[in-house]
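Fold and geometry: a report
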Amino acid sequence: MLRGNIQAKVDEKGRLKIPAAYLDVLQEYGNRFYVTSEEGDHARIYPMKVWGEIEKKLAGISSYNVAKKKFLQHTNYYGQAVEMDAQGRVLIPAVLREAAQMKGDVEVMGQLTFLEVWNHDRFMDNMNKNQMTEEDRKMLADLGI
């Protein structure tokens with residue numbers, strides 16, 4: 001499982017060096033990834049095997065489903081299949097890098113089966129705007145968490 005937060009850097013060529021703490025887990029999936037976003041405010045790095053499972057679920061939904069269309073529009077616009085290089089780096093697509101303001105220091109967070117990568121300032125703003133609520137706590141409790 002991918003968990004925790006580690007600060008990293010996106011270099012001048014748009015490559016993120018995957019933090020060592022995540023490498024062992026990610027390498028179990030191979031070196032192919034789908035880097036994308038739903039909103040363009042941060043990147044998601046999915047092992048291709050995990051992204052393939054999402055695509056299988058989407059393939060079973062009608063092509064007229066509005067939520068499916070929106071999801072695919074966004075994830076295809078921002079997305080790109082990439083390979084991790086020998087130094088453990090993955091390329092963040094240029095359109096996503098620009099939209100998410102990914103240069104220099106970033107936050108890399110484990111989300112169990114994928115990684116999220118945020119511009120530090122944007123992440124802190126998001127955290128401050130989206131505090132846990134009592135409703136969130138109740139929903140988690142109802143799920144047994």
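The structure presented is a predicted model; accordingly, all values stated were derived computationally and were not measured.

Points about unusual backbone geometry
Here the phi dihedral of Q101 falls at roughly 55°; this positive angle occurs in a residue that is not glycine. Mapping Q101 onto the fold places it in the loop between α4 (94-99) and β7 (104-110). Given the relative accessible area of 44%, Q101 is considered partly exposed. The backbone of L112 sits at a positive phi, close to 70°, despite the residue not being glycine. Structurally, L112 can be placed in the loop between β7 and β8 (115-119). A relative accessible area of 51% places L112 in the exposed class.

What to know about the nonpolar core
The biggest cluster of nonpolar side chains holds 25 residues, and the ones touching the most others in it are L16, I18 and I45. When contributions to this core are tallied by element, the ones reaching two or more residues are β1 (5-10), α1 (20-27), β3 (32-36), β4 (43-47), β7 and β8. For this core, the element with the highest residue contribution is α1, accounting for 4 residues. Those residues in contact with I45 that sit more than four places away from it in its chain are L16, I18, F33, Y34, V35, V90, I92, F114, L115 and V117. Judged by nonpolar contacts, the second largest core, of 6 residues, contains Y34, V50, W51 and F114.

What counts as what
- Residues numbered from 1 in each chain as written.
- Predicted model: local features only at pLDDT ≥ 70, side-chain atom pairs only at ≥ 80, totals over all residues.
- Heavy atoms only, no water.
- Helix = DSSP H or I, 4+ residues; strand = E, 2+ residues; numbered from the N terminus.
- Buried < 20%, exposed > 50% of the residue type's maximum accessible area, 1.4 Å probe, protein only.
- Core = buried A, V, L, I, M, F, W, Y, C linked by side-chain atoms within 4.5 Å.
- Contact = heavy atoms within 4.5 Å.

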